[in-house]
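Survey of secondary and tertiary structure
Chain by chain, the residues run as shown.
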Amino acid sequence: MSNADRILNPALRSKIMSADEAAALITPGANVGMSGFTGAGYPKAVPLALANRIDAAHARGEPFRIGVWTGASTAPELDGALAKVNGFAMRLPYQSDPNCRKQINSGEMEYTDIHLSHVAQYAWFGFLGHLDVAVVEVAAVLEDGRLLPANSIGNNKTWLDQADKVILEVNSWVNSGLDGMHDIYYGTRRPPDRRPVPINNPGDRIGDRYYTIDPSKIVAVVETDSRDRNSPFTPPDANSKLIAGHILDFLAHEVRRGRLPRNMLPLQSGVGNVANAVLGGLIEGPFEDLTAYTEVLQDGMLDLIKAGKMRFASATAVSLSPDAALAFNNDAQEMKKSVILRPQEISNHPEVIRRLGIIAMNGLIEADIYGNVNSTHIGGTAIMNGIGGSGDFARNAFLSIFMTPSTAKNGAISCIVPMVTHVDHTEHDVHVVVTEQGLADLRGLSPKQRAKVIIENCAHPDYKPALREYFTRALEESPGRHTPHLLDEAFRFLPAWKAQQASRAAE
């Protein structure tokens, strides 16, 4: 399909305009649903034009901020550009941009951190307010007005359904050979009319290849020819390789015990270098005929597919290094034999995750000795990125694994602490904690038993004595002995707590 063939509907061809003209259709105070999930499939031109428009309005002393809803994180051309001009009144449900993060933590912009499976239904139910405009990247517009998705789905179906006005970016860089990779399910309903989502295997197709939309809602079509801005993954370091080794040994042990089939169960993996190291390790491992039911397709999963180790992968988006993204785009015809992209309310659907028996592997910021996990906040008050889809998978997985190096900031901070400063995943949803030091299998253990296993297996040697000492004294002095804590000392591993104590000692 050539550039000229990307917009086949005559009525919509008449709505082709510049990004500046399209951005002028977005008014101050609007709620705007934008495509994009982990840096894939986000609009490339309209957000930049909108940022310029907002900046000019602020220079004139005019207020201009908007609410922006996406699938997950996007890219500097969207989150970064709008944050730099103070264009966000509200952002949801997930972000990873340093400019956004700075404004959220300074209190300059509001941020709602939501489980990714909840976002679409929150919009349907009206919990988020009214959606005024959708700005969605697609690969093509068919003659009958249906839309060929690009390389992420996210919440696009919901934005196209719910918004009053729709602006399309038609990106000719995206290989139209993706046609057939997407599975857009239109069967979800509001309570009390919900029905089971009929997925029994990661490769089941239950929906349509295209987005369906009322063409009268489309107010602008902008032509682009730009690839997603992807970041390369750092090669796995020694700690990442150790973490991956512990997980792979554990999975092999579970197969030998008969608790997992030889080809395991469908895999879910969070984004990051440690996660990619685990996936990379599977290439050399003994497992064959693997599948994935996850939210993002990473380099490691592509490598597993190409190596013949992974039979099929279901996701809502790709999150690839530049080289892998180019290869994925070039090989679209072949890749769609092994990959499905779905809306995120389906890729992250709790019912489906529970039915398929997912092995979930996600990162964390800190874990405490009882198995509670903080994956979103630094020091309990400053957001890092957000919970993303980790909660969707952890709570409903057959096996919920959380992984991290045992220390941060070159050893200055322990990632295993007496009590987490913010709880995203409770002890009830965490089955396994892994660091480069070792692995703690928490299934079936009481809180006190979990504490011993986490301290001995996962904590860095520099911090083990202090953690042991805290736990021993908590056993003796805590008013309750089920989950013993010394509440006045529970956060003593925090740098701020250490600085305070040092200051008091000097007085």
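See the structure printed just above.
These notes cover the structure that comes with them. Fair warning: this is a prediction, and the values are worked out from it, not measured in the lab. (Residues numbered from 1 in each chain as written. Predicted model: local features only at pLDDT ≥ 70, side-chain atom pairs only at ≥ 80, totals over all residues. Heavy atoms only, no water.)

1. Examining empty space enclosed by the protein
We count it as follows: Whether a set of points on the 1 Å grid over the protein atoms alone is a cavity depends on a 1.4 Å probe fitting there but being unable to get out, while an open set qualifies as a pocket with protein on both sides within 12 Å along at least five of seven lines; lining residues are those with an atom within 4 Å of a point. Grid points are joined across faces, edges and corners, and a volume is the space filled by probe spheres set on the points. All residues other than Ala, Val, Leu, Ile, Met, Phe, Trp, Tyr, Cys, Pro, Asp, Glu, Lys and Arg, Gly among them, are scored as polar; the first ten of these are nonpolar and the last four charged.
Under the criterion given, the structure shown has two cavities of 30 Å³ or more. One number sums up the size of the largest cavity: a volume of about 60 Å³. Lining the largest cavity are Asn151, Trp173, Arg227, Asp228, Asn230, Val318, Leu320, Ala325 and Phe328. Along the lines of polarity and charge, the residues of the lining of the largest cavity split into five nonpolar, two polar and two charged. Of the voids in this model, the second largest cavity is the one considered here, and its volume is about 30 Å³. Every residue along the wall of the second largest cavity is listed here: Glu366, Val417, Pro418, Met419, Thr421, Ala490, Phe491, Arg492, Phe493 and Leu494. Looking at the lining of the second largest cavity residue by residue, the classes come out as seven nonpolar, one polar and two charged.

2. Some details on the pairing of strand β20 (residues 399-403)
Filter applied, for reference: Residue burial is assigned from relative accessible area. The probe radius is 1.4 Å, only protein chains are included, and a residue is buried under 20% of its type maximum, exposed over 50%, and partly exposed in between. Under the DSSP-based scheme used, a helix requires at least four consecutive residues in state H or I and a strand at least two consecutive residues in state E, with every element numbered from the N terminus. When DSSP finds two or more bridges between a pair of strands, those strands are recorded as paired.
Within β20, five of the five residues are buried, which leaves the element mostly enclosed by the surrounding structure. Alternating positions in β20 separate into two faces, Leu399, Ile401 and Met403 on one and Ser400 and Phe402 on the other, with burial throughout. Alignment of strand β15 (residues 359-363) against β20, held across five bridges, turns out to be parallel. Note that in β20 the partner of Ile359 across the bridge is Leu399.

3. A short note on the layout of surface pockets
In this model, the second largest pocket occupies a volume close to 280 Å³. Gln121, Thr188, Arg194, Val197 and His349 are the residues nearest the centre of the second largest pocket, which is lined by 16 residues in total. Of all the secondary structure elements, the ones that give two or more residues to the lining of the second largest pocket are α6 (119-125) and α14 (350-356). Here the residues of the lining of the second largest pocket are counted per class, giving five nonpolar, six polar and five charged.

4. A few points about the packing of aromatic side chains
Selection criterion: When the centres of two rings from Phe, Tyr and Trp lie within 6.5 Å, Trp using its six-membered ring, the rings pair. Their planes under 30 degrees apart give stacked, over 60 give edge-to-face, and anything left gives tilted. Put simply, a charge is over a ring when the Lys NZ or the Arg CZ is close to the ring centre, within 6 Å, and near the line of the ring normal, within 35 degrees.
Taken as a whole and judged by the stated rule, the model has three aromatic pairs. Relative to Phe127, the ring of Tyr122 has its centre 5.3 Å away and its plane inclined at 70°; by these criteria the two rings are edge-to-face. What makes Tyr122 partly exposed here is its relative accessible area of 27%. Residue Phe127 is classed as exposed on the basis of its relative accessible area of 55%. Joined through ring pairs, the aromatic side chains of Tyr122, Phe125 and Phe127 make up one cluster. Across the ring face of Tyr42, the terminal group of Lys44 is positioned such that the distance to the ring centre comes to 4.1 Å.

Scope: geometric values only; no functional claims are made or implied.
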